[in-house]
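# Observations on chain architecture
This is what each chain is made of:
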Amino acid sequence: MNTRYEYAKECYAKIGIDTEAVLNKLAEVPVSIHCWQGDDIDGFENSAVLSGGIMATGNYPGKARNPEELMADIEKVLSMVPGKHKINLHAIYAITDTPVDRDKLEPKHFEKWVEFAKKNNVGLDINPTLFSHAMAADGLTLSHPDEKVRRFWIDHCKAMREIGAYFGKELGVTCVNNIWIPDGYKEIPADRMGPRQRLKDALDEILSVKYDKEYLVDTVESKVFGIGVEAYTVGSHEFYMNYAAKNDCLCLLDNGHYHPTEMVSDKIPSMLLFADKVALHVTRPMRWDSDHVVIFDDELKEIAKEIVRCDALDKVLIGLDYFDASINRVAAWVVGTRNMRKALLFAMLLPHGELKKCQDEGNYTKMLAMNEEYKFYPFADVWNEFCKRNGTPEGDSWYAQVEEYEKEVLSKR
Ligand code: RNT
Ligand code: ZN
């Protein structure tokens, strides 16, 4: 036995897993890294404070203050996370010489990101930003009773779809345009149907412009509640699940956007029986939609298992969505991104056929016993081999690089 990897390879071969095939396949699964971990969702408009019922807490020094810093930090992250990635942008990360309002954004305002993506060999995803803006001051956007406000946000969403299609075309990688709105009420509303009717009509108009699916796919993200809008959320799960089923778009499930005992892992197979694809925002909700850094916990593993078991590595569009301002932001990105891929690897190293057989034969004892044993297979050795082959640090060696980066770069900001 030469190396730990070779030993691991033999262990997995005994349960019918070809680690070589797994390593090759894993490298190709795209994980979309959210740009907003780098600056607590400030963006480059230099204007409003974060609104929309979401919140980044903490003020760890060194956050990115401009496009150059954010791009440098993302490049640092990319050097430490193995596998194929996309970068997920928000409209507020447009790079403009003079202020351009969100309904007037154009592809040229994202040219620098396209250059960045080409240089780093990553795809790009996009999100319209329907918060942190004067037009969203009362927390309502696409469902606003005022036609003028709705118009502004409809035009913004249309502009961002155009930009998304431009990303897809320029990069040859399909762009995911995700619509999430903060709309809701703090107090129990007198009308629940009206706002949802207005949101439905707004989405119909936004999505009426057709783009080549090779370039752009649209997703809609639901939520259960936000800070200050505890009583009612216009874009609820039922609303968007039905909307997506009847219209030309996909559901995006954020695992912080459901009741605490409701699991997104369990929703994946149900969604896939009725839709070609489903998108995810992988996060870690703690007591609420707190967007903690993704750790290698049971639900992450369960999400990854469903993706693998449903043979849906190309059907589940994986994106990350968390923002912790209380720790080194580069480390936060690296930890969550590596964990997402570790969970995929963990899931790909399980003999799902055997386990399913146990279930179908009613052998729940063996199903439980084997699942517990597989947790102690030499998974870490396969992970380290994966990191090595993909030119990224093995084990915990990335952490010293983050410390160095903090000393040399972040602490000087
Ligand atoms: C908010 C949603 C949404 C945002 C980002 C910034 O609860 O999860 O996805 O986190 O768009
Ligand atoms: Zn989200």
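A brief report on the enclosed structure follows. (Residues numbered from 1 in each chain as written. Chains lettered and ligands numbered in written order. Predicted model: local features only at pLDDT ≥ 70, side-chain atom pairs only at ≥ 80, totals over all residues. Heavy atoms only, no water.)

Quick look at the overall build of the protein chain now. For the protein chain, the count of helices and strands is 14 helices and 12 strands. Since a compact globule built from 413 residues should have a radius of gyration of about 22 Å, the 22 Å found for the protein chain is in line with a globular shape. Taking the principal axes of its C-alpha atoms as reference, the protein chain extends roughly 70 × 55 × 40 Å. Counting the 413 residues in the protein chain, one finds 54% classified as buried. In the protein chain, 81% of the contacts between residues at least 6 apart in sequence involve partners at least 24 apart. Total accessible area on the protein chain stands at roughly 18,700 Å², and carbon and sulfur atoms take up 52% of it. Across the protein chain, the mean location of the 51 positive side-chain charges is 1 Å away from that of the 67 negative side-chain charges. (Helix = DSSP H or I, 4+ residues; strand = E, 2+ residues; numbered from the N terminus. Rg over C-alpha atoms; globule rule 2.2 N^0.38 Å. Buried < 20%, exposed > 50% of the residue type's maximum accessible area, 1.4 Å probe, protein only. Contact = heavy atoms within 4.5 Å. Areas by Shrake-Rupley, 256 points an atom, 1.4 Å probe, with all protein chains shown as cover. Lys, Arg positive; Asp, Glu negative; His and termini not counted. Charge placed at Lys NZ, Arg CZ, Asp CG, Glu CD.)

A separate point is the site of ligand 1. The immediate surroundings of ligand 1 are formed by Trp36, Ile54, His90, Trp180, Glu221, Lys223, Asp254, His257, His281, Asp289, Asp321 and Phe323. The side chain of His90 places a nitrogen or oxygen atom 2.7 Å from an oxygen atom of ligand 1. In the environment of ligand 1, an oxygen atom lies 3.1 Å from a nitrogen or oxygen atom belonging to the side chain of His281. With the chains in place, 100% of the 310 Å² that ligand 1 exposes on its own is no longer accessible. Here the residues of the shell around ligand 1 sort into four nonpolar, three polar and five charged. (Near = heavy atom within 4 Å. Polar contact = N/O pair within 3.5 Å; in protein donor to acceptor, adjacent residues only side chain to side chain. Nonpolar A, V, L, I, M, F, W, Y, C, P; charged D, E, K, R; others polar.)

The next thing to look at is the pattern of salt bridges. Scanning all chains against the criterion turns up 32 salt bridges. Residues Arg4 and Asp381 are paired through a salt bridge, measuring 2.8 Å at the closest nitrogen-oxygen approach. Taken together, the residues span a long stretch of sequence, with Arg4 in helix H1 (residues 4–14) and Asp381 in helix H13 (residues 379–389) at a distance of 377 residues. With a closest N to O distance of 3.8 Å, Glu28 and Lys84 form a salt bridge. Within this pair, whereas Glu28 is found in helix H2 (residues 19–28), its partner Lys84 is found in the loop between helix H3 (67–78) and strand E2 (85–90), the two being separated by 56 residues in sequence. Judged by its relative accessible area of 49%, Glu28 is partly exposed. (Salt bridge = Lys/Arg side-chain N within 4 Å of Asp/Glu carboxyl O.)

Glancing now at the pairing of strand E3 (residues 123–127). The buried fraction of E3 is high, at five of five residues. By the bridge criterion, five bridges tie E2 to E3 in an arrangement that is parallel. When the bridges of E3 are listed, Lys86 appears paired with Gly123. Crossover handedness for the path E2 to helix H4 (residues 111–120) to E3: right-handed. (Pairing = 2+ DSSP bridges. Right-handed = clockwise from strand over helix to strand, strands pointing away.)

Right, let's talk about the packing of aromatic side chains for a bit. Describing an aromatic ring pair means giving the distance of the ring centres and the angle of the ring planes. Considering all chains together, one arrives at 16 aromatic pairs under this definition. Ring geometry for Tyr12 versus Tyr377: centroids 5.5 Å apart, planes at 55°, classification tilted. One end of the pair, Tyr12, is in helix H1; the other, Tyr377, is in the loop between helix H12 (364–374) and H13, and 365 residues separate them in sequence. For Tyr377, a relative accessible area of 25% translates into the label partly exposed. Ring centres 5.6 Å apart and planes at 5° place the aromatic pair Phe296 and Phe379 in the stacked group. With Phe296 in the loop between strand E11 (288–292) and helix H9 (298–309) and Phe379 in helix H13, this pair connects stretches of sequence that are 83 residues apart. Over the aromatic face of Phe346 sits the side chain of Lys301, whose NZ or CZ is 5.4 Å from the ring centroid. (Phe/Tyr/Trp six-rings, centres within 6.5 Å; stacked < 30°, edge-to-face > 60°. Lys NZ or Arg CZ within 6 Å of the ring centre and 35° of its normal.)

A rise of 1.5 Å per residue sets the reference length of helix H6 (residues 193–207), with its 15 residues, at 21 Å; its end C-alpha atoms lie 21 Å apart and thus fit the reference within 8%. Of all the residues in H6, the buried ones are Gly194, Pro195, Leu199, Ala202, Leu203, Ile206 and Leu207. Here the buried face of H6 lies against helix H5 (147–171), strand E4 (175–179), strand E5 (184–185), strand E6 (216–221), strand E7 (232–233) and helix H7 (237–246). (Expected span 1.5 Å × (residues − 1).)

With five of five residues buried, E4 lies mostly within the body of the structure. The side-chain alternation of E4 yields two buried faces, one formed by Cys175, Asn177 and Ile179 and the other by Val176 and Asn178. Pairing of E4 with E6 involves five bridges; the strand directions are parallel. Bridge pairing in E6 links Ile179 to Val220.

Right, let's talk about the coordination of the zinc ion (ligand 2) for a bit. In an ideal octahedron of six donors the angles at the metal are 90 or 180 degrees, and in an ideal tetrahedron of four donors they are 109.5 degrees. Within the first shell, the zinc ion (ligand 2) binds the protein through Glu221 (OE), Asp254 (OD), His281 (ND1) and Asp321 (OD), at distances of 2.1 Å. Coordination geometry of the zinc ion (ligand 2): the six donor atoms subtend angles of 70 to 169° at the metal centre, consistent with an arrangement described as octahedral. The class of Glu221 is buried, set by a relative accessible area of 4%. (Donors = N, O, S within 2.8 Å, 3.2 Å for Na, K, Ca; no water. Tetrahedral: all angles 85-135°; square planar, octahedral: opposite > 155°, others 65-115°.)

Quick look at the side chain of Arg329 now. Along the chain, Arg329 turns up in helix H10 (residues 329–348). For Arg329, the contacting residues outside a window of four places in its chain are Gln37, Gly38, Asp39, Asp40, Asn59, Tyr60, Pro61, Gly62, Lys63 and Asp324.

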